[in-house]
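Observations on the three-dimensional arrangement
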Amino acid sequence: MAKEPKVHMQHKKLSNAIAYVVLILISIIWLFPFVCLVLQSFRSYILESGGMVNYLLPKTFSLDSYKFLFSKDCQFFRWYGNTFIIAFFVTIFQTIFILSVSYALSRMRFKGRELLMRLWLVLGMFPGFLSMICLYFLLKEFGLTQEGAIPGLILIGFASSGMGYYVCKGYFDTIPKSLDEAARIDGANRAQVFTIMLIPLSKPIIIYTALVAFMAPWCDYIFASYVAFGYSDSYNVAVALRRWVWTNDYQGYFTRFCAGGVLVAIPITILFMCLQKYYVEGVTGGAVKG
Amino acid sequence: MSKDKKPSGAAGKVTGFFKWLGADLADIGTTFTKGDWKTKVSFLIMGFGPLMRKQFLRGAAFLLLEIAFIYYMAAFGIGYLKDITTLGTSGRGFNPDGTVSYGDNSFLILLFGVLSIILILLFLYVWRLNVYQNKIGEQMLREGKKLPSSKQDFMSLLDENFDKTLMALPMLGVFLFVMLPIIFMICVAFTNYDANHQAPAKLFTWVGFSNFANLFSFGSTGFGKTFVSVLIWTLVWAFFATFLNYFLGMAVAILINKKGIKFKKLWRTILVMTIAVPQFVSLLYVGKMFAADGLINGYLMKWGLISSAIPFWENATLARILVIIINLWVGIPYVMLICTGLLMNIPEDLYESAKIDGANPIQMFIKITLPYMLFVTGPFLLTQFTGNLNNFNVIFLLTTGKPQSMNLTGGAGYTDLLVTWLYKMTLDQTDYKMAAVIGIMVFIVTAVISLVVYNVLPSVKDEEGFQ
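What counts and how
Counting of residues starts from 1 at the beginning of each chain's written sequence and follows it residue by residue. In the order they appear in the text, chains get letters beginning with A and ligands get numbers beginning with 1. Where totals are concerned, whole chains, interfaces and linings use all residues; where local detail is concerned, this predicted model gives features only for residues with pLDDT of at least 70, and gives and counts side-chain atom pairs only at 80 or more. Numbering goes from the N terminus for both helices and strands, where a helix is a DSSP run of H or I of at least four residues and a strand is a run of E of at least two. Values of the radius of gyration come from C-alpha atoms, whereas the globule rule sets the reference at 2.2 Å times the count of residues to the power 0.38. Residues are called buried when their C-beta atom has 20 or more other C-beta atoms within 10 Å, exposed when it has 12 or fewer, and partly exposed otherwise; all C-beta atoms are positioned from the backbone. Here, residues touch in the contact sense if the C-beta positions derived from the backbone fall within 7 Å of one another. pLDDT measures the predictor's confidence residue by residue and takes values from 0 up to 100. Each residue is assigned to one class: nonpolar for Ala, Val, Leu, Ile, Met, Phe, Trp, Tyr, Cys and Pro, charged for Asp, Glu, Lys and Arg, and polar for all the others, Gly among them. A domain assignment, automatic or from a database, supplies the domain bounds used here. Convention adopted: a line fitted to C-alpha atoms gives each axis, helices being fitted over their contacting stretch, and angles between N-to-C directions are expressed from 0 to 180 degrees. If you view the pair so one helix is near and one far, a crossing is left-handed when the near helix is turned anticlockwise from the far one by less than a right angle, and right-handed when it is turned clockwise. To estimate the expected span of a helix, count its residues, drop one, and scale the result by 1.5 Å. Given a residue, its bend is the angle between the two axes fitted to the seven residues that end at it and to the seven that start from it.

In terms of helices and strands, chain A carries 14 helices and 0 strands. Reading the helices (α) and strands (β) of chain A from amino to carboxyl end gives α-α-α-α-α-α-α-α-α-α-α-α-α-α. Whereas a compact globule of 290 residues would reach a radius of gyration of roughly 19 Å, chain A reaches 25 Å, over 25% beyond that. The C-alpha extent of chain A, read off along each of the three principal axes, is 80 × 75 × 35 Å. Counting all 290 residues of chain A, 41% fall into the buried class.

Bringing the overall build of chain B into the picture now. Counting its secondary structure elements, chain B contains 19 helices and 2 strands. Computed over its C-alpha atoms, the radius of gyration of chain B comes to 31 Å, more than 25% above the 23 Å expected for a compact globule of 467 residues. Expressed as a percentage of the 467 residues in chain B, the buried residues total 34%. Look at the contacts in chain B between residues 6 or more apart in sequence, and 63% of them connect residues 24 or more apart.

Bringing the confidence of the model for chain A into the picture now. Counting all residues, the mean pLDDT for chain A is 85, and 94% of those residues have values of 70 or more. Mean pLDDT across the secondary structure elements of chain A bottoms out at helix 14 (residues 276-289) of chain A, with 79, and peaks at helix 3 (residues 76-107) of chain A, with 93.

Before going further, it helps to examine the environment of A259(A). Residue and element names in this part refer to chain A. Within the secondary structure layout, A259 lies in helix 13 (residues 250-274). Residue class for A259 comes out buried when judged on the 26 C-beta atoms lying within 10 Å of it. It is 9.4 Å that separates the C-alpha atoms of A259 and D64, two residues lying 195 residues apart in sequence. Residue contacts for A259: discarding those within four places in its chain leaves S41, S65, Y66 and L69.

Residue-level contacts link 68 residues of chain A with 76 residues of chain B. It is helix 1 (residues 6-41) of chain A that provides the largest number of residues to the side of chain A that touches chain B, a total of 13 residues. A class-by-class count of the residues in the side of chain A that touches chain B yields 52 nonpolar, 13 polar and 3 charged.

Take unusual backbone geometry next. The phi dihedral of Q146(A) falls on the positive side, at around 45°, and the residue is not glycine. With respect to the secondary-structure elements, Q146(A) resides in the loop between helix 5 (132-141) and helix 6 (149-159).

Residue and element names in this part refer to chain B. Taken domain by domain, chain B comprises domain 1 (35-208) and domain 2 (219-461). Summarising the inter-unit geometry, the C-alpha centres of domain 1 and domain 2 are found 43 Å apart. A per-class count over the side of domain 1 that touches domain 2 returns 6 nonpolar, 2 polar and 1 charged.

As a further point, take the packing of helix 3 of chain A against helix 10 (residues 203-219) of chain A. All names here are of chain A. One way to put it is that helix 3 packs onto helix 10 with a least axis distance of 8 Å and a crossing angle of 145°. Regarding helix 3 and helix 10, the two cross each other, and that crossing is right-handed. Facing helix 3, whose interface residues are T83, I86, A87, V90, T91, Q94, T95, I98 and L99, helix 10 presents I206, T209, A210, A213, F214, P217 and W218. For the contact of helix 3 with helix 10, a count of residues per class yields 11 nonpolar, 5 polar and no charged.

Below, the discussion takes up the environment of S210(B). Mapped onto the secondary structure, S210(B) falls in helix 8 (residues 210-215). Between the C-alpha atoms of S210(B) and A189(B), which are 21 residues apart in sequence, the distance is 9.2 Å.

For helix 13 (residues 316-345) of chain B, which comprises 30 residues, the first-to-last C-alpha distance of 43 Å matches the rise-based estimate of 44 Å (1.5 Å per residue) to within 8%. Along helix 13 of chain B, the largest kink reaches about 35° and is centred on V330(B); proline P333(B) follows within four residues of it.

In this section: the confidence of the model for chain B. Residues and elements named next belong to chain B. Chain-level statistics for chain B give a pLDDT mean of 84 and a share of 94% at 70 or above. Low pLDDT, under 50, characterises residues 1-6; the stretch is placed with 1 contact to residues that sit more than four places away or in other chains. Note on residues 463-467: pLDDT is under 50 here. Beyond four places in sequence and across chains, it has 4 contacts. Across the predicted assembly, pTM comes out at 0.87 and ipTM at 0.86.

Here it is as structure tokens:
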């Protein structure tokens, strides 16, 4: 191989050079909006403007927008806390639900199993917001809207999550059943097999499930805006910040939206990057098995 | 017996069902006639037999279920159920003495009516189980076997019946939060529930198929034209959003996987940023970048390339192209992640031998990489396609379906997908009946595409291929 013809070598170098140029271009395109977002969040509200402008670099560096978020007349941290609480509880319950359903469907053969899977598949083909009004009134009957929107949103977040068992069940299917049988011969019952043996073996898929569950409430706009309708104490960050951009006088609130966006994005992004490995494993497995 | 031809198709299923039903009823009959007095009482008081046979847990469970059911029906169920054919007759008005009379609430009548019907069916099933339990209990005692004790019953919930323990809550959740609302909304599609018939102040009622007729009527007030236009755009969008993302994502994955490229992890991490950052931040921001007073127009004008702002979001065609392009920004990293792992699974010697045969990279891609990837990711492409049909976030956060037009009814805009239209119909127009109809249409489109594609997918037909 060392004696490759010179033309060939040059050809290879050229193609690599082109590849690098393309990759750098791609990186710029992909990072550009994020860089803009961060830069604009540092624009001064007083000296320049809080709205949209036709230049990128702020003329003076200032923390006005961040100061506003931390000030008393802004409920940003309440909204932030709301979202975190929702995400936290949804993560716990959703992970338990998905693991339970996946174990039952992967390991046990019970009457109506096939029927149930087919029924859930069909139910999944209906658009989720179809049931929005109905859910709203159901929650309202129990006082879980407006003031009570946080528990209401937690409930909506995880209640039907059992239907999303595909990836996790696919993973359980790959763990040999002979392990279960061995444990059962040693006297363990199903519950013990599940909690003592299977769960420790499923760390990657549990992390994946939890990560996906945790990220979803940070983007939830539809149900959050509907259930918390008009009651700003119950907003989550998506609802609140979207109002800043669209319905409020966004000329004043645009940089504040940028600052809020940065504060939301940083922890989520760091968390995601740390657990990226598990995420990739989960989506790849899910994609191949369908 | 084997000479009997089995009736096939739907007719066969119907006759099969009636045969099963007949056998089942006969079994209930013999259980009653041949059963002892405990069993006979159990037909009326559920769980009586098991209680008398010292299976306290089972007996108590049956008895409690019966009490709960009777309480529910007496307290709510019957009241709502009797009105379900009319959805209420007396609207809100004033009593002769001047106080407000609240009248009927059509919404609650429909909701609890549907719930009651389902509960009655479930109760019948539980009652049947109760009869069966008695039959088995009697049989076992007759044969001199010991019945499982309450403790054994309880322990079985952690062992052979562990599935029931695990599935109970998730199934309840799906039932209450998905199934019941969907059945309710399907019913709404056959009523006139809209802004003019808002419960609780006004009544709404059954109208048959007139909403569906409205959806397919092409007059000036009908939804026909708008529906067709939105449906076509939804399909076009889903097609481009799926396949452009797929091929470009694969191309990027191949580029990063290329031999001799360094910092592979860095490139991937940069792309993955769009998955990590919550979409409402990134998409709202990108949407604003392309606004008339946004960054892109601002710079283009400053540099003198254009004299007036490009109407990215105001022009229907531009807006449609732009959402597809921005969706690339969102979707490519996702496909890239999936493809990266899969590309490494392709045996290296396939490429080596192709190289020896003198194949160039493009030929190798078409002959080796692409068939393999299409085969492996077939189900993924299908879920992506149906997911894109319902891709609410990208459209809603970027354009909210705008630009709006007078040519479209029901508040639809040119970038509206069926789902975003459904959302608007529910929230802005409060036209629940048409929202329900559109929801059913979305279901039909998704189901038809899934069924058709699923049946032609090679990886479903031939599970062993490529292995």
